[in-house]
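Coordinate analysis (summary)
Residue strings, one per chain:
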Amino acid sequence: MDYYNSISKGYDELHEAEQTKKLELISKKIDIYSNETLLDVGCGSGISTRFWKCRRTGVDPSEELIAVARQNDRKGKYLVGMAEKLPFDDNSFSIVQSLTAIHNFEDIKKGLQEMKRVGNEKYIFSVLKRSQHFDRIKLLIIQMFDVNSILQEEKDTIFLCGFQRTVPF
C-alpha cells in the first residue's frame, strides 16, 4: 500500500491508457445502464470506476489514491477499504468489478467471497497474466461465479460473469 500511496500523483499517467484499453474491450461485450450500481474493488485513482456512466462506488486501501479518485470524479463515491472486509450490505450492487487488483489482495479467496456477497449477479474481473497467483485466481473465479465469457487482453485475462449480452468463450 505504501507503494501505491507514493505513486498516487502520477498513477493516471502510468495506468490510464492501459486501463482504458481494457475497459473499451469490456464495453464492447456488455451493457451497463445508468440506473445500475457499480462497485469497483481496488479502484485506484478511479480510472476504471469513472469510465462507466452509472451510479458508482470505488474502494481501495490507498488513502492517497482515494483522494485522487475523489478529485477526478465528483459524481462517484470513494472509500478507503479492503476487499476482504467490504463495508456494504449483502446484494448492494448490481455490478461488482475488480480490474488488475485481485493479485494484490491480502486474502484472495476472502476478497472474492466479499465481492460475491455485496454483488447481485454481474461481475467483471481482470487478472494479471504474469501474477504468481494467476492460476489460483482463475480457478476461484470459475468455481465461485457464473462466467459467461473470458477475454484475452495483452496483459490480463478478463472474466465477465452474469451478463446476458456477452460473446461466448
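Report on the accompanying structure. Keep in mind that what you see is a predicted model, and the values were worked out from it rather than measured.

Criteria and thresholds
Residues numbered from 1 in each chain as written. Predicted model: local features only at pLDDT ≥ 70, side-chain atom pairs only at ≥ 80, totals over all residues. Heavy atoms only, no water. Helix = DSSP H or I, 4+ residues; strand = E, 2+ residues; numbered from the N terminus. Buried < 20%, exposed > 50% of the residue type's maximum accessible area, 1.4 Å probe, protein only. Areas by Shrake-Rupley, 256 points an atom, 1.4 Å probe, with all protein chains shown as cover. Pairing = 2+ DSSP bridges. Axes fitted to C-alpha atoms, helices over the stretch in contact; angles between N-to-C directions. Core = buried A, V, L, I, M, F, W, Y, C linked by side-chain atoms within 4.5 Å. Contact = heavy atoms within 4.5 Å. Polar contact = N/O pair within 3.5 Å; in protein donor to acceptor, adjacent residues only side chain to side chain. Salt bridge = Lys/Arg side-chain N within 4 Å of Asp/Glu carboxyl O. Phe/Tyr/Trp six-rings, centres within 6.5 Å; stacked < 30°, edge-to-face > 60°. Lys NZ or Arg CZ within 6 Å of the ring centre and 35° of its normal.

With respect to the overall build of the chain
Scanning the chain from terminus to terminus reveals 6 helices and 7 strands. Counting helices and strands in the order they occur from the N terminus, the chain gives α-α-β-α-β-α-β-β-α-β-α-β-β. With 169 residues in all, the chain has 53% of them scored as buried. If you sum the accessible surface of the chain, you get close to 8,600 Å²; carbon and sulfur atoms cover 47% of it.

Things to note about the sheet that holds strand 5 (residues 119-128)
What the 7 strands build is an open sheet, ordered 3-2-1-4-5-7-6; its pairing is mixed. Strands with a single pairing partner mark the edges of an open sheet, and in this sheet they are strand 3 (77-80) and strand 6 (147-152). If you compare each strand with its neighbour and ignore which way they point, the axes differ by 15° on average. In this sheet, strand 7 (residues 156-161) lies alongside strand 6 in antiparallel orientation, the contact comprising 5 bridges. Each residue of the ladder has a partner; that of Gln 152, found in strand 7, is Thr 157.

Side note on the nonpolar core
In terms of nonpolar packing, the biggest core is built from 27 residues, with Leu 39, Ile 102, Leu 112, Met 115, Phe 125 and Ile 141 touching the most fellow members. Looking at this core, the elements with two or more residues in it are strand 1 (37-41), strand 4 (93-99), helix 5 (108-118), strand 5, helix 6 (134-144) and strand 7. Examining the composition of this core, we find that 5 residues originate from one element, helix 6, more than from any other. Leu 39 has contacts with Thr 57, Val 59, Leu 86, Phe 88, Phe 93, Ile 95, Val 96, Gln 97 and Val 118, leaving out every residue within four places of it along the chain.

Describing the environment of Asp 60
Looking at the secondary structure, you find Asp 60 in strand 2 (residues 55-60). Between the C-alpha atoms of Asp 60 and Leu 79, which are 19 residues apart in sequence, the distance is 6.7 Å. Beyond its immediate sequence surroundings of up to four residues, Asp 60 is in contact with Gly 42, Cys 43, Gly 44, Leu 65, Ile 66, Leu 79, Val 80 and Gly 81. Within the local environment of Asp 60, its side chain forms a polar contact with the backbone nitrogen of Cys 43, the two atoms lying 3.4 Å apart. One polar contact links the side chain of Asp 60 to the main-chain amide nitrogen of Gly 44, over a distance of 2.8 Å.

Side note on the pattern of salt bridges
Here the structure, examined in full by the defined rule, presents 9 salt bridges. One salt bridge connects Glu 36 with Lys 122, and the closest N-O pair in it is separated by 2.7 Å. Here Glu 36, found in the loop between helix 2 (11-27) and strand 1, pairs with Lys 122, found in strand 5; they are 86 residues apart in sequence, far enough to count as distant. Each member of the pair Glu 36 and Lys 122 is classed as buried. The shortest N-O distance in the salt bridge between Arg 56 and Asp 73 comes to 2.9 Å. Placement of Arg 56 in strand 2 and of Asp 73 in the loop between helix 4 (63-72) and strand 3 is noted, with a sequence separation of 17 residues between them.

Re the packing of aromatic side chains
This structure, assessed with the given rule, holds 5 aromatic pairs. Summarising the aromatic geometry, the rings of Phe 51 and Trp 52 are spaced 4.9 Å apart at their centres and angled 85° between planes, so their arrangement reads as edge-to-face. On the basis of relative accessibility, which here comes to 24%, the residue Phe 51 falls in the partly exposed class. Under the relative-accessibility criterion, Trp 52 is labelled buried at 6%. Where Phe 88 meets Phe 93, the ring centres are 4.9 Å apart and the plane angle is 90°; that geometry is what we call edge-to-face. One exposure class covers both Phe 88 and Phe 93, and it is buried. Through a chain of ring-to-ring contacts, three or more aromatic side chains come together here, namely Tyr 123, Phe 125 and Phe 145. Cation over ring: Lys 116 sits above Phe 145, and NZ or CZ is 5.4 Å from the ring centre.

Everything listed here is a matter of geometry and, on its own, says nothing about what the molecule does.
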